[in-house]
Amino acid sequence: MLNDAFNLERSGNLEGAIKLYDEFIAKYGEATEVNEALYRKGHLLINLKRYNDAVTTFDSLVKKYPDALTRAEAYYGLAKAYHLMGDIEKAKSTKNFLLERFSETYTAEEARRTFNW
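Starting from 1, residues in each chain are numbered consecutively following that chain's sequence as written. At least 70 in pLDDT is required for a residue's local features to be given in this predicted model, at least 80 for side-chain atom pairs to be given and counted, and no such filter applies to totals for whole chains, interfaces and linings, which use all residues. Excluding hydrogens and water, the side-chain values take into account all heavy atoms of the structure.

### A look at the pattern of salt bridges
Between Lys or Arg on one side and Asp or Glu on the other, a salt bridge is scored when a side-chain nitrogen of the former is within 4 Å of a carboxyl oxygen of the latter. Enumeration according to the criterion identifies 7 salt bridges in this entry. A salt bridge links Lys41 to Asp22, with the nearest nitrogen and oxygen atoms 2.5 Å apart. Here Lys41, found in helix α3 (residues 34–47), pairs with Asp22, found in helix α2 (residues 14–27); they are 19 residues apart in sequence, far enough to count as distant. Its relative accessible area of 14% is what places Lys41 among the buried residues. Secondary structure is summarised from DSSP: a helix means a run of H or I of at least four residues, a strand means a run of E of at least two, and numbering begins at the N terminus for each. Exposure classes here rest on a 1.4 Å probe applied to the protein chains alone. A residue is buried below 20% of its type maximum, exposed above 50%, and partly exposed in between.

Given below as structure tokens:
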């Protein structure tokens, strides 16, 4: 199911991919792979300009999977969603948290380049 969602995403069927990610999350809610589905879904929601849904998705990832490798990416997604929503203060505080907690990651480097405020 997760691979099918990836394939839909790659083919440009973002809504179909989100639907499959949701099905995967519902079916395998406790599996560690769910963090990847949440991560992918959050970024797709940003692409579709569904920023509130993206925030909810990324929040779910960081709360449910505190040790996941995708956690830094989730904070980047949160900062991006807040920025696109016009909530610059939340975007800044999320970026700063990302830089403090994940300073040595590629994601932190990307945040420094993307958010120059």
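### Quick look at the packing of aromatic side chains
Two rings from Phe, Tyr or Trp (for Trp, the six-membered ring) form a pair when their centres sit within 6.5 Å of each other. Planes less than 30 degrees apart are called stacked, planes more than 60 degrees apart edge-to-face, and all others tilted. By the definition in use, this model includes 5 aromatic pairs. Between Tyr75 and Phe102 the ring centres are 6.1 Å apart and the planes differ by 35 degrees, which places this aromatic pair in the tilted class. Taken as a pair, Tyr75 in helix α5 (residues 71–85) and Phe102 in the loop between α6 (88–101) and α7 (106–114) lie far apart in primary sequence, 27 residues in all. A residue is classified by how much of its surface remains accessible, and Phe102, at 18% relative accessible area, is buried. Taken together, the aromatic side chains of Tyr75, Phe97 and Phe102 make up a single cluster linked through ring pairs.

### Looking at the environment of Thr32
Within the secondary structure, Thr32 sits in the loop between α2 and α3. According to the relative accessible area criterion, Thr32 is exposed, its value standing at 55%. Spatially, the C-alpha atoms of Thr32 and Ala68 are 8.2 Å apart, while their sequence positions differ by 36 residues.

### Re the environment of Ala54
Relative to the helices and strands, Ala54 resides in helix α4 (residues 51–64). Through-space distance from the C-alpha of Ala54 to that of Tyr39 is 9.3 Å; in sequence the pair is 15 residues apart. Apart from residues lying up to four places away in sequence, Ala54 is in contact with Gly42, Leu45, Ile46 and Ala81. The contact rule is simple, with two residues in contact once any of their heavy atoms fall within 4.5 Å.

### Looking at the nonpolar core
Within the largest apolar cluster, 40 residues are counted, with the highest numbers of intra-cluster contacts made by Tyr21 and Leu98. Only α1 (2–10), α2, α3, α4, α5, α6 and α7 provide two or more residues apiece to this core. If you tally residues by element for this core, the top one is α5, at 8 residues. Each residue touching Tyr21, except ones within four places of it in the same chain, is listed here: Leu2, Ala5, Phe6, Glu9, Ala37, Arg40, Lys41 and Leu44. Among buried residues, those of type Ala, Val, Leu, Ile, Met, Phe, Trp, Tyr and Cys that are joined through side-chain atoms within 4.5 Å constitute a nonpolar core.

### Comments concerning the side chain of Thr94
Relative to the elements of secondary structure, Thr94 occurs in helix α6. One polar contact links the side chain of Thr94 to the main-chain carbonyl oxygen of Lys90, over a distance of 2.8 Å. The residues contacting Thr94, other than those within four sequence positions of it, are Tyr75, Leu78, Ala79 and Tyr82. Distance and chemistry together define a polar contact, namely a pair of N or O atoms within 3.5 Å, with one atom able to donate a hydrogen and the other to accept it when in protein, and with adjacent residues in sequence counting only for side-chain atoms on both sides.

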